[in-house]
Structures are given as C-alpha cells and as structure tokens.
Amino acid sequence: MAKTTFEDIKKALWAGANTFRDNIDAANYKDYVLSMFFVKYLSDTYVESVDELKEKYDGIRLERQIENLPFSLKREYTFDYLLENQYATDIGNKICEALTGIESSNAILNGIFRGIDFNSESNLGKKEQKNPILRNLLNDFANLDLRPSHIDTQEGQVPADVIGDAYEYMIGEFATMAGKKAGSFFTPQQVSEIMAQIVSPIENDRVYDPTCGSGSLLIRAARKGGLDKVQIYGQEVNSSAISMARMNMFIHDIRDANIKWGDTLANPQHLDSDGNLMKFECIVANMPFSKDKWAEGFNPGGEVSVDEEQTTKSKKNGKKVEFKMESNLDRWHRFDLGVPPASKGDWAFLLHMIASMSGNGRVAAVAPHGVLFRGASEGRIRQGIIEKNLIDAVIGLPENLFYGTPIPACIIVFRRGRADTKVLFVDASRGFKKEKAKNILRKEDIDKIIATYKAFRNGDNADIEKYSHVATLEEIIENDFNLNIPRYVDTFEEEEIINIDEVNAEIDDLKTKIADVEKQMAQYLKDLGLL
C-alpha cells in the first residue's frame, strides 16, 4: 500500500478549503478545515498507538498501557465515528461534542479548539446548508491516512515533520486567501528563517514569541536549537490563532510548549515564581504594526485614552475624565524609558521584548520603519535604548512581503552583552522575486542578509556598497538617534549621462529609415493598383 506523501496531505487540505470557499471567507473557514484535519491526525495516531500495544499486551496490562498514552480518544470522539454519522441531522452537534470530549478527557489538549463551533448557524447556515458542507469536509479527509508508520518521509525526516510542514503550508495558503486579516497569524517562512538564524538558539535556551500567532515563526526559531532541546514559550491574544498555534505544536510532536492566551502588554502570562517577567535567551516576534489603543488593558475604568499627541476628552458620570498611560501603571517597569503614544504600540511590544531578555538574550522583531525615526516619546525611548547599547542591527526588507500590509518592514535586532557600540544597517529592500500578488525573498537574498549579519557579529568587514554599513555610536548621535536606514546606507544610483549628439543622430537615422519604408510601401500599393 502506497504511503501518504506531503502532496497527498496538501491535496486533502485544499479539498477542505474548496468545500468552504464559496460559503464563508478564508479568515473564518481556516478554523474548520484545520480543526477537522487535527481530529483526523489525532484519530489515526491514537488508533496506530493502540494497535501497536495490542500486539504486545492484553487484558489488564493492555488497559494500563493504553492509559499511559499521551492522549486518549473515546470512540465517539474519533474521526471514523463522525464519518460514520456524516448523514446525521445533528452532525454539527456531534462534531462539537467530539471536540469538547477530546478537550475534557485530555489535559494536554484542554482548550485547544477554543471558540470553534461546527454548529454555528451564523457561519455555516441552517441544517439544510450546513450539513452538506460538514459532510463534504469529512469526506475530504476520509481517505487520508495519517498513521505515523504510513507517512512517506525523506532522509532526516520523521512523520511529524511531514504532517507539520503540510499543516504550516496550509496556514500560509490561508494567509494568502485571507489577505489583510492574515497579518495577525502568519509570518512568511523566508522572514522566519532570517530571524531564526539571527537569534540562533542553542541547547537549553528558552525561546519566546510574545505575539506568536499560529506558532510557525516560534517553531522555526526553536528548530535551530532542536525542538527537543529548547524550551518553547508563546503568548497570543487572538483565540483562533491560539488554537492554530497549539495544534501546530502538537502536530510537530512538541508536547511541552507553553502557549498562553491573553494580552501580552497588559497581562503577560510568562512570569517567574516571584511574579517578575520570565527571562528568555531567544525572542522572535512579528508584532501587530502600530497597534491603536494598546494600553487599554491598563485602563479598567474605561476612560478615554489620550497622550501628548492626542487630547481627546469625554464625559463620564457628568465629569470630564481622561486616561493617560503612565509608566507607573506597569508593575513590570517596561516603560520606564518612556510611554509610547496611545495610537502606536510598536515600542510597547519592543520594550516588552527587551525587558524579557536574559543576560545573554537576543531579539529579532519585525517592525514598521516608523519605529526607526518617529519623534516625541518614541524618539526618547529610542535614544534610551541606544544609550543602553541594546540595538545590534536594523535590516530593511522589501515591500509587499507580509500578508497584513503592503508596506516595507524591517527586522530590529536587540542583544544584551554587546562587545562594542556599533550597529549594523542593512538595506535588503531590493532583493526579492515577485510571485503572484506578493514579493518573496529568494535563497540568495536570505543568504546575503545572514552572511552580512554574521560577518558583523564576527568582527569582519560587513560594509557592502549600497547594501550595508556598520555605524558607530558617534554617527548615530550625529543623526539625533534617528535609525532610518537611508541615513546610513546610500543606495542612490546616478543616472547615466545622455549624449545629446548621439540621440539626435539616432533620431535622424530613424527618420531616414521610416521615409524609405514609406516610399517602398507606396510603390507596393501602386503596383497593386491601389494608388
């Protein structure tokens, strides 16, 4: 019997996507397709584990061994049971009961299907519309064999790699289809690869993503240190993304990932035994760009949020009140260098990451270019971070690279314990290939960025004309702590000088040739009796 290939899994996932395509948008139907795929994965994995135990044990010993499996499934929670009941009038309810049962009977899976409702009339319609969709979805995966021993692996792969990579592939495809709504849950793999190589985890490192989305960036970074050799932490505020992240980890056979749900800024979940922010050796993040009202979690009273750039006021209980975020409202002291403006949370997330770095910690974070040069409170924060010698590199990326926005972004690298005060600036904005509606980084583009960064870290020459420059602290001070890349990397291309005499001669030559052609054409027409 032929084994299940990566392409087989992709084909089944696409079939599931096509089942929903004309009914609800991709930002919503991804939850149904990926959840059902996960149920199929759990069912096939569990069945094979039980079958293997049956070959070795029986009776009480078999029951005990089954109880010791990482997770268990009752018959009515399995994919096969749902497939057998595909024509049931309450199939949506049966799927929901299966999801609830999986969660309630397995602590490791508790809450993994958070907010995913296969019985939702608002998303799927009434039974007459909903039941055929769910029946088709079940059949999309019916012939897909996800038993680990039946997965076709390449050299150096394990079954979890193949299934997990297919799952991540589909997250990326959903991001393409979902458009602007996708920016919150997926980072392009090429960008993830750059960030993973920059933070470069090693054995026993703690790897953290404070805005982890679907977890793909976090997994790619952790993989550099060995998924079984590093500790993985993440937090995400979006419930749908949290479900994707936890499924993503489980499918990749990462059973001890610590993924939390909540507002990272107002309610960070990863704390030590004293209630202080946990420290991490490696931090990666593709944070929400310029998040508005980022400080509302510090404002339980609901006053109107204002800052020095925004003076809106409102009335509450007949009195004018206003809320202004102050550094003393944050008990973790992340904003002691300054409070970012209420309408732009970029530096709020960056300051959280900096505060979460261990003594030898390193951060690679995607950010909009505005964080490099905007003034007022952001300018003061930037100056304070530079004076603390925490900025290692600024890498400009091409435009139209990310799913949530067409604007160009950058990767800012922070590092503790730096040997000197120099900062690497890279303008990689012109190194890409256009593919469909997006730009993508080619292998040579990624390799050049990484090679330049590694040369800088090794103390080698990292200055490349019109591409990169290693700036001294004095240069940065001269630029008033402005980190805008064009101030340090000159990419201006001089236009070729035009020789007017040569151009005029070429024009005259073309006029002569045109006259000769017109004369010849007139003769042809005359010979044909048309003139």
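The structure presented is a predicted model; accordingly, all values stated were derived computationally and were not measured.

Engineer: Which parts of the structure should I look at to understand the overall build of the protein chain?
Structural biologist: From N to C terminus, the protein chain includes 17 helices and 15 strands. Each of the three principal axes of the protein chain carries a C-alpha extent, and together these read 100 × 85 × 60 Å. The buried share of the protein chain, taken over its 531 residues, is 51%. In the protein chain, the share of contacts with a sequence separation of at least 24, taken over all contacts with a separation of at least 6, comes to 74%. Entry remark: accessible area of the protein chain is about 25,900 Å², with carbon and sulfur atoms responsible for 47%. Charge separation in the protein chain, taken as the distance between the mean sites of 66 positive and 83 negative side-chain charges, equals 5 Å.

Engineer: It is not clear to me how a nonpolar patch on the surface should be interpreted in this structure. Could you clarify?
Structural biologist: Residues M521, Y524, L525, L528 and L530 make up a contiguous nonpolar surface patch of about 530 Å² in total accessible area. Residue class for M521 comes out partly exposed when judged on its relative accessible area of 45%.

Engineer: How should I be thinking about the nonpolar core in this particular structure?
Structural biologist: For soluble globular proteins, nonpolar side chains are generally found buried alongside one another. With 63 residues, the main nonpolar core has F37, F38, F118 and F141 as its most contacted residues. Counting residues per element, the ones that place at least two in this core are α1 (6-20), α2 (26-54), α3 (59-67), α4 (79-84), α5 (91-104), α7 (127-142), α8 (159-178) and α11 (239-251). With 13 residues, α2 is the single largest residue contributor to this core. Once residues within four sequence positions are removed from consideration, F141 is found in contact with A12, L13, V33, M36, F37, K40 and F79. Listed in part, the 47 residues of the second largest apolar core include Y233, L265, I391 and I412.

Engineer: Sorry, what's going on with the pattern of salt bridges here?
Structural biologist: Side chains that differ in charge, positive against negative, can pair when their charged atoms come close. This model, assessed by the stated rule, comprises 22 salt bridges. The salt bridge involving E121 is made with K126; its shortest N-O contact spans 3.5 Å. Each of the salt bridges in this network shares a partner with another, and the network as a whole consists of D392, R415, R418 and R457.

Engineer: Looking at this model, I keep getting lost on the packing of aromatic side chains. Mind explaining?
Structural biologist: As enumerated under the stated definition, the model contains 21 aromatic pairs in all. Here Y46 and F71 contribute two aromatic rings whose centre-to-centre distance is 6.1 Å and whose plane-to-plane angle is 40°, an arrangement assigned as tilted. You can see Y46 sitting in helix α2 and its partner F71 sitting in the loop between α3 and α4, a full 25 residues away along the chain. F71 carries the same exposure label as Y46, and that label is buried.

Engineer: Before we go on, may I ask you to explain the side chain of D427 in this structure?
Structural biologist: Looking at the element boundaries, D427 is found in strand β12 (residues 423-427). A distance of 2.5 Å separates polar atoms of two side chains, one belonging to D427 and the other to S429. Leave out the neighbours within four places in its chain, and D427 touches G396, Y467, I485, V489 and T491.

Engineer: Is there a simple way to think about the packing of helix α9 (residues 189-199) against helix α15 (residues 443-457) in this case?
Structural biologist: Helix packing for two helices is described by the angle between their axes and how far apart those axes are. For the pair α9 and α15, the least separation of the axes is 10 Å and the interaxial angle reads 20°. As far as their axial angle goes, α15 and α9 are roughly parallel. When you trace α9 past α15, the crossing you get is right-handed. Across the interface between the two elements, Q190, E193, I194, Q197 and I198 of α9 pack against I446, I449, I450, Y453 and K454 of α15. Class assignment for the residues of the contact of α9 with α15 results in 6 nonpolar, 2 polar and 2 charged.

Engineer: Before we go on, may I ask you to explain the state of the cysteines in this structure?
Structural biologist: Between two cysteines, a covalent bond joining their sulfur atoms is known as a disulfide. A full pass over the atoms with the stated rule returns 0 disulfides. This cysteine, C410, is not joined by any disulfide, and C282 carries the nearest cysteine sulfur, 20 Å off. Classification of C410 by relative accessible area gives buried; the value is 0%.

Engineer: What exactly am I supposed to notice about the side chain of S192 here?
Structural biologist: Relative to the elements of secondary structure, S192 occurs in helix α9. When neighbours within four sequence positions are excluded, S192 is seen to be in contact with T187, L217 and R220.

Engineer: Teacher, can you tell me more about empty space enclosed by the protein here?
Structural biologist: A probe as big as a water molecule, rolled over the atoms, marks out the empty space that is left. Using the criterion set out here, one finds 2 cavities of 30 Å³ or more in the structure. There is about 40 Å³ of room inside the second largest cavity. Tallied by class, residues from the lining of the second largest cavity come to 4 nonpolar, 2 polar and 1 charged.

Engineer: Could you clarify how one ought to interpret the sheet that holds strand β1 (residues 206-209) in this entry?
Structural biologist: Backbone-to-backbone hydrogen bonds join strands into a sheet, with any given pair of strands oriented parallel or antiparallel. Strand order in the open sheet formed by 9 strands is β3-β2-β1-β4-β9-β11-β10-β12-β15, and the pairing between neighbours is mixed. Unpaired on one side and paired on the other, β3 (258-261) and β15 (468-471) mark the two borders of the sheet. Strand-to-strand twist in this sheet, taken as the mean axis angle between neighbours without regard to direction, amounts to 15°. Packing against the sheet, α11 makes contact with β2 (231-236) and β3, and its axis sits at approximately 170° to β3. Contacts between helix α12 (residues 346-355) and the sheet are confined to β1, β4 (280-286), β9 (357-368) and β11 (409-415), with β9 contributing the most and set at about 160° to the helix.

Scoring rules and cut-offs
- Residues numbered from 1 in each chain as written.
- Predicted model: local features only at pLDDT ≥ 70, side-chain atom pairs only at ≥ 80, totals over all residues.
- Heavy atoms only, no water.
- Helix = DSSP H or I, 4+ residues; strand = E, 2+ residues; numbered from the N terminus.
- Buried < 20%, exposed > 50% of the residue type's maximum accessible area, 1.4 Å probe, protein only.
- Contact = heavy atoms within 4.5 Å.
- Areas by Shrake-Rupley, 256 points an atom, 1.4 Å probe, with all protein chains shown as cover.
- Lys, Arg positive; Asp, Glu negative; His and termini not counted.
- Charge placed at Lys NZ, Arg CZ, Asp CG, Glu CD.
- Patch = residues over 30% accessible without salt bridge, like charges linked within 9 Å, V, L, I, M, F, W, Y side chains within 5 Å.
- Salt bridge = Lys/Arg side-chain N within 4 Å of Asp/Glu carboxyl O.
- Core = buried A, V, L, I, M, F, W, Y, C linked by side-chain atoms within 4.5 Å.
- Phe/Tyr/Trp six-rings, centres within 6.5 Å; stacked < 30°, edge-to-face > 60°.
- Polar contact = N/O pair within 3.5 Å; in protein donor to acceptor, adjacent residues only side chain to side chain.
- Axes fitted to C-alpha atoms, helices over the stretch in contact; angles between N-to-C directions.
- Parallel < 35°, antiparallel > 145°, perpendicular 65-115°, else oblique.
- Left-handed = near helix turned anticlockwise from the far one by under 90°.
- Nonpolar A, V, L, I, M, F, W, Y, C, P; charged D, E, K, R; others polar.
- Disulfide = S-S within 2.5 Å.
- 1 Å grid on protein atoms, 1.4 Å probe; cavity = no way out; pocket = protein on both sides within 12 Å on 5 of 7 lines; lining within 4 Å.
- Points joined across faces, edges and corners; volume = space filled by probe spheres on them.
- Pairing = 2+ DSSP bridges.

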